[in-house]
Amino acid sequence: QVQLVESGGGLVQAGGSLRLSCAASGRTFSWYAMGWFRQAPGKEREFVATTRSDGSTYYADSVTGRFTISRDSVKNTVYLQMNSLKSEDTAVFYCAASIGGNIWYPSAYQYWGQGTQVTVSS
């Protein structure tokens, strides 16, 4: 069984920074992609960023230039560095792992973490 455990969420003022971590454990895979999604109250889960096994990275337009995704394959951990946070970034952030599919959509990710709350105060 695969487990993804997020950490690093919290309360931060607008303009501040947070770094999320996602540690994968259990059955090992060569993930096709590992990424982050977020869901704000009353909204659908949306793509934030992902990194593929070839090292390529992809970002939602809303976070490009502010967020950076990185991956430590030895530790089986993915990070999301979030800078210049805005109130509209407030959401539950979910880590996810994919073994194949269209990386922009939640349906491509077979494994999910429990989520970590990020709250940005204005």
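Residues numbered from 1 in each chain as written. Predicted model: local features only at pLDDT ≥ 70, side-chain atom pairs only at ≥ 80, totals over all residues. Heavy atoms only, no water.

## Quick notes on the sheet that holds strand 3 (residues 18-26)
Move 1: Sheet architecture is open: four strands sit in the order 1-3-8-7, paired in antiparallel fashion. A strand with exactly one partner marks an edge of an open sheet, and here the two such strands are strand 1 (2-7) and strand 7 (67-72). Pairwise comparison of adjacent strand axes, ignoring direction, gives a mean angle of 15° for this sheet.
Move 2: Note that strand 7 and strand 8 (residues 77-82) share six bridges and pair antiparallel. Bridge pairing in strand 8 places Ser 70 opposite Tyr 79. (Pairing = 2+ DSSP bridges. Helix = DSSP H or I, 4+ residues; strand = E, 2+ residues; numbered from the N terminus. Axes fitted to C-alpha atoms, helices over the stretch in contact; angles between N-to-C directions.)

## Focus: the pairing of strand 3
Two faces, one strand: in a regular strand the side chains alternate between the faces of the sheet.
Move 1: Across six bridges, the pairing between strand 1 and strand 3 is antiparallel. By the bridge assignment for strand 3, Val 5 is matched with Ala 23.
Move 2: Summarising the sheet, strand 3 and strand 8 pair through six bridges and their orientation is antiparallel. Looking at the pairing, Leu 20 lines up with Leu 80 of strand 8.

## A look at the pattern of salt bridges
Move 1: All told, the structure shown has four salt bridges when counted by the stated rule.
Move 2: With its nearest N and O atoms 3.0 Å apart, the salt bridge here joins Asp 54 to Arg 52.
Move 3: What makes Arg 52 partly exposed here is its relative accessible area of 22%.
Move 4: Among the charged side chains, a salt-bridge network with shared partners connects Arg 38, Glu 46, Arg 66 and Asp 89. (Salt bridge = Lys/Arg side-chain N within 4 Å of Asp/Glu carboxyl O. Buried < 20%, exposed > 50% of the residue type's maximum accessible area, 1.4 Å probe, protein only.)

## A look at the environment of Gly 16
Move 1: One can find Gly 16 in the loop between strand 2 (10-13) and strand 3.
Move 2: Overall, the relative accessible area of 18% leaves Gly 16 in the buried class.
Move 3: Leave out the neighbours within four places in its chain, and Gly 16 touches Met 82, Asn 83, Ser 84 and Leu 85. (Contact = heavy atoms within 4.5 Å.)

## Remarks on the packing of aromatic side chains
Move 1: Under the counting rule described, the total for this entry stands at seven aromatic pairs.
Move 2: An angle of 75° between the planes, with centres 5.0 Å apart, marks the rings of Phe 37 and Tyr 109 as edge-to-face. Here Tyr 109 lies in the loop between strand 9 (91-98) and strand 10 (111-112) and Phe 37 lies in strand 4 (residues 33-39), a separation of 72 residues in the sequence.
Move 3: On the basis of relative accessibility, which here comes to 0%, the residue Phe 37 falls in the buried class.
Move 4: An aromatic cluster is built from Phe 37, Phe 47, Tyr 58, Tyr 94, Trp 104, Tyr 109 and Trp 112, whose rings are joined through pairwise contacts.
Move 5: Across the ring face of Tyr 94, the terminal group of Arg 45 is positioned such that the distance to the ring centre comes to 3.8 Å.
Move 6: The cationic tip of Arg 45 hangs over the ring face of Trp 112; the distance from NZ or CZ to the ring centre is 4.8 Å. (Phe/Tyr/Trp six-rings, centres within 6.5 Å; stacked < 30°, edge-to-face > 60°. Lys NZ or Arg CZ within 6 Å of the ring centre and 35° of its normal.)

Distances and angles like these do not, on their own, reveal function.
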